[in-house]
Amino acid sequence: MTTVPTFSRGRAPGEPPPQAAPDPPAPRRNRRSPLAKREGRVAYLFLAPWFIGMVVITIGPILGSLYLSFTEYSLLQPPEWLGLDNYRRMLDDERLHTALRVTFTYVFVSVPLQLALALALAFFLDRGVRGLALYRSIYYLPSLLGGSVAIAILWRQIFGTEGLINQLLGMVGIEGEGWVSHPDHALSTLIVLNVWTFGAPMVIFLAGLRQIPTMYYEAAEVDGAGGFTKFWRITIPLLTPIIFFNLVLQIIGSFQTFTQAFIVSGGTGGPADSTLFYTLYTYQRGFGSFEMGYASALAWVLLVIIAGFTAVNFLAAKRWVHYGD
Amino acid sequence: MATDLESIAAPDPAALAARRRRDGRKRRLLKHVVLIMFGFAMLYPLLWMVSSSFKPSDLIFRDVSIIPSEFDFSNYTDGWNALARPFHHYLINSAIIVGFSVVGNLLSCAMAAYAFARLQFRGRRLFFAAMLGTIMLPIHVVIVPQYILFSELDWINTYYPLIVPKFLATDAFFIFLMVQFIRGLPRELDDAARIDGCGHFRIFWRIIMPLCLPALATTAIFTFISVWNDFYSQLIFVTDPDLYTVPVALRTFVDSQGESAWGPLFAMSLVALGPIFGFFLAGQRYLMRGIATTGIK
């Protein structure tokens, strides 16, 4: 009879308790009464804007880009059918391979670091620290700002040759290089930026930690468990659904990083393509050189990659995510 | 009897407790020192940016302190007039888009959420699943056909491509948020209103909406922040310098005279962050709840 800590439960007092995801069972009627029919019509009216949006802004364009991915299209002439040529072209596209390498490095280095930091801080803050709300807000602030052009501009300065970081290093006698202008380091500065926004997952972790009943810890203490044992045997297992949730969310988000790389590299993905994120390359092909067909193919591959990783994540979750009994 | 048991478990409870208290106090103090230092390190770049926006440009490369030695507003006046239009022009443009986006999201998402949470209709499960499926859809997949569609409509270099989708509930995140919230409201309220002769539109508008205020506030704040910060779609759909929004204007600024004008750039970047910071201070409660329920940043 373990309580499953779900992320939707961390609510302020006085709010209506959220219900679990599954719908309340609909009253089954074989013959729909006039009243039910009327309700159906009203429902469609309420849904009309969403429905139009779904068809015109979402589903239509998804199918449209699938079609375009098999064509050559420059916006000026009608699309020309190419079959699989765009996909074949990817196999020999060196810049695409670079973009994949850059993006994968970014995702698989920054997401674990970010989540580890978020978890550590959440754990640290959870034990009834006075001023919790203040600390939480301070650590959360970068998450709100991190995706903005303004912060990317700041990053471009502080990791520049004469930037803040090198000034600080200079004070302790180290002569730093231009971080954003060096192909070996430019990506690291963006990884640091992503890690810097650990506040959002941290808030989710905090909400999850609050759901773990204290009686587990009390019971473990009676059995003589120390802090370390409690952390590994109680906190972590009960928190795995939230770790999983954060992991899925952050991976999906990080694959789509665009603004920071665009601003820091001035839209080029440089130096030497070291910050050529997948989305940036797709943008360059589509809206730089107006190869709309190829850009669509690239976008679809991104969709498949993200969906693939999410699926793998869900499959792997069966092995390590603990949903209680 | 109880006292007996306790004394067996801990031979000298008073002394032990006193020691524990002393240790605890030391530990707590240490914890706060670590937390404050870490928080300072996190915010240092931001604080330095604020301070640097008041420094002459050459000092930015030499001074790491977060307290400016003198207050000089020339970076702000220079930055304000550095682009083709004064900076408030771009602020107004962004505000227009954000304003319409907030209204659009609130209306369209709340309507869809009411239907999903309270009404019975054919295909409800399927539509709900489809809606959830679009939450995580990368914009990169749909942007090219959207661009083609909007250029067919002659909407490129207008704000319609940025605003109209918000009135069509395309931010499924917020539908989900509100569905969860509405499901938590007692159904008896609807039933009572129905018995009193209220139709669905009145129940929606007079009963559900007022009770949804917290969820609406969360939606409004997150829409504000995400649209204000949004760069990608504004970069693609708006290429006329007169229509530039704040992020696109900043991008032009940094690319045209970037490295030579850090002072004015910092100043305008901070102006751009100002509204976000304001909402952060004012809307704490809703922000924290929003992240805890949906995981959006």
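Residues numbered from 1 in each chain as written. Chains lettered and ligands numbered in written order. Predicted model: local features only at pLDDT ≥ 70, side-chain atom pairs only at ≥ 80, totals over all residues.

1. Remarks on the overall build of chain A
Along its length, chain A carries 13 helices and two strands. Looking at chain A residue by residue over its 325 residues, the buried ones come to 40%. Sequence separation of at least 24 residues holds for 71% of the intrachain contacts in chain A that already meet a minimum separation of 6. (Helix = DSSP H or I, 4+ residues; strand = E, 2+ residues; numbered from the N terminus. Buried ≥ 20, exposed ≤ 12 C-beta atoms within 10 Å, placed from the backbone. Contact = placed C-beta atoms within 7 Å.)

2. Focus: the overall build of chain B
Looking only at helices and strands, one finds 16 helices and zero strands in chain B. Taken over C-alpha atoms, the radius of gyration comes to 26 Å for chain B, far larger than the 19 Å a tight globule of 297 residues would show. Seen along its three principal axes, the alpha-carbon backbone of chain B occupies a region of about 85 × 70 × 35 Å. In chain B, 74% of the contacts between residues at least 6 apart in sequence involve partners at least 24 apart. (Rg over C-alpha atoms; globule rule 2.2 N^0.38 Å.)

3. Points about helix α13 (residues 292-320) of chain A
In an α-helix there are 3.6 residues to a turn, and that puts residues three or four apart on one side. The end-to-end C-alpha distance of α13 of chain A, which contains 29 residues, comes to 41 Å, matching closely the 42 Å that a straight helix rising 1.5 Å per residue would cover. Along α13 of chain A, the positions that sit buried rather than exposed are M292, G293, Y294, A295, S296, A297, L298, A299, W300, L302 and I306 of chain A. In this fold, the buried residues of α13 of chain A make contact with α1 (34-68), β1 (71-72), α2 (85-92), α10 (227-255) and α12 (278-288) of chain A together with α7 (139-152) of chain B. (Expected span 1.5 Å × (residues − 1).)

4. Things to note about the environment of G83 of chain A
Relative to the assigned elements, G83 of chain A resides in the loop between β2 (80-81) and α2. In the structure, G83 of chain A is positioned 144 residues away from G227 of chain A in sequence and 61 Å away in space, judged by C-alpha atoms.

5. Let's talk about the UniProt feature "transmembrane region" (unreviewed entry) in chain B
Residues and elements named next belong to chain B. Sites flagged by UniProt as "transmembrane region" (unreviewed entry) map to residues 29-50, 90-114, 126-150, 162-182, 203-228 and 261-282. Helix makes up 100% of residues 90-114 and strand 0%, whereas the separation of the span's terminal C-alpha atoms amounts to 36 Å. A distance of 32 Å separates the end C-alpha atoms of residues 261-282, which is 95% helix and 0% strand. (UniProt positions renumbered as here; feature names shortened; annotations may be inferred.)

6. Description of the UniProt feature "transmembrane region" (unreviewed entry) in chain A
All names here are of chain A. Taking the numbering used here, the UniProt-annotated feature "transmembrane region" (unreviewed entry) corresponds to residues 42-68, 104-125, 137-158, 186-209, 230-252 and 297-316. Helix makes up 92% of residues 186-209 and strand 0%. Its end C-alpha atoms lie 36 Å apart. Strand forms 0% of residues 297-316 and helix 100%; the C-alpha atoms that close the span are 28 Å apart.

7. Description of the nonpolar core
A122, I153, M202 and F205 of chain A together with L250 of chain B are the most contacted members of the largest nonpolar core, which has 117 residues in total. Of all the elements, helix α3 (residues 94-126) of chain A adds the most residues to this core, at twelve residues. Counting residues domain by domain, this core receives three or more from each of domain 1 (13-75) and domain 2 (78-294) of chain B. Discounting residues that sit within four places of it in the chain, F205 of chain A has contacts with A118, L119, A122, L239 and I242 of chain A. The next biggest cluster of nonpolar side chains, apart from the first, holds 38 residues, and it includes Y114, F127, A215 and L216 of chain B. (Core = buried A, V, L, I, M, F, W, Y, C linked by C-beta atoms within 7 Å. Domains from an automatic or database assignment.)

8. Overview of the interface of chain B and chain A
Note on interface size: it is often stated as the accessible area lost on association of the parts. At the interface, 67 residues of chain B touch 79 residues of chain A. Broken down by element, the residue count for the side of chain B that touches chain A peaks at eight residues, all from helix α2 (residues 13-52) of chain B. In terms of residue class, the side of chain B that touches chain A is made up of 44 nonpolar, 15 polar and eight charged. (Nonpolar A, V, L, I, M, F, W, Y, C, P; charged D, E, K, R; others polar.)

9. Observations concerning unusual backbone geometry
Peptide bonds are, in most cases, trans, and in most cases residues other than glycine have a negative phi. Residue and element names in this part refer to chain A. The amide bond that connects G270 to the next residue, P271, takes the cis arrangement and shows omega of 0°. The topology assignment puts P271 in the loop between α11 (259-264) and α12. Of note, L75 is a non-glycine position whose phi angle comes to about 80°, a positive value. Positionally, L75 belongs in the loop between β1 and β2.

10. Notes on the packing of helix α5 (residues 87-118) of chain B against helix α9 (residues 172-183) of chain B
Residue and element names in this part refer to chain B. Across the interface, α5 lies against α9 with an axial gap of 8 Å and an inter-helix angle of 50°. Considering the angle they form, α5 stands oblique to α9. Of the two possible hands of crossing, α5 and α9 adopt the one that is right-handed. Taken together, the residues of α9 that come into contact with α5 (itself represented by N105, C109, A110, A112, A113, Y114, F116, A117 and R118) are F174, I175, M178, V179, I182 and R183. (Axes fitted to C-alpha atoms, helices over the stretch in contact; angles between N-to-C directions. Parallel < 35°, antiparallel > 145°, perpendicular 65-115°, else oblique. Left-handed = near helix turned anticlockwise from the far one by under 90°.)

11. A word on the confidence of the model for chain B
All names here are of chain B. Confidence in the prediction for chain B averages 89 pLDDT; 93% of positions are at 70 or higher. In this model residues 1-8 is a low-confidence stretch, pLDDT under 50, and it forms one contact with partners more than four residues away in sequence or in other chains. Two numbers describe this predicted complex: its pTM, 0.88, and its ipTM, 0.88. (pLDDT = per-residue confidence, 0-100.)

12. A short note on the packing of helix α4 (residues 132-145) of chain A against helix α8 (residues 199-209) of chain A
All names here are of chain A. Viewed as axis vectors pointing N to C, α4 and α8 meet at an angle of 135°, and their least axial separation amounts to 7 Å. Taken together, the axes of α4 and α8 are oblique relative to one another. Here R136, Y139, Y140, L141, P142 and S143 of α4 lie close against α8, whose contacting residues are G199, A200, M202, V203 and L206. Each residue belonging to the contact of α4 with α8 can be placed in one class, and the counts come to eight nonpolar, two polar and one charged.

13. What about the UniProt feature "domain: ABC transmembrane type-1" (unreviewed entry) in chain A?
Per the UniProt record, "domain: ABC transmembrane type-1" (unreviewed entry) is annotated on residues 100-313 of chain A. Here residues 100-313 of chain A is 74% helix and 0% strand, with 19 Å between the C-alpha atoms at its ends.

14. Points about the environment of A150 of chain A
Positionally, A150 of chain A belongs in helix α5 (residues 149-158). The spatial distance from the C-alpha of A150 of chain A to the C-alpha of I263 of chain A is 9.1 Å, given a sequence separation of 113 residues. With residues near it in sequence (within four places) discarded, A150 of chain A still touches L250, S269, A272 and L273 of chain B.

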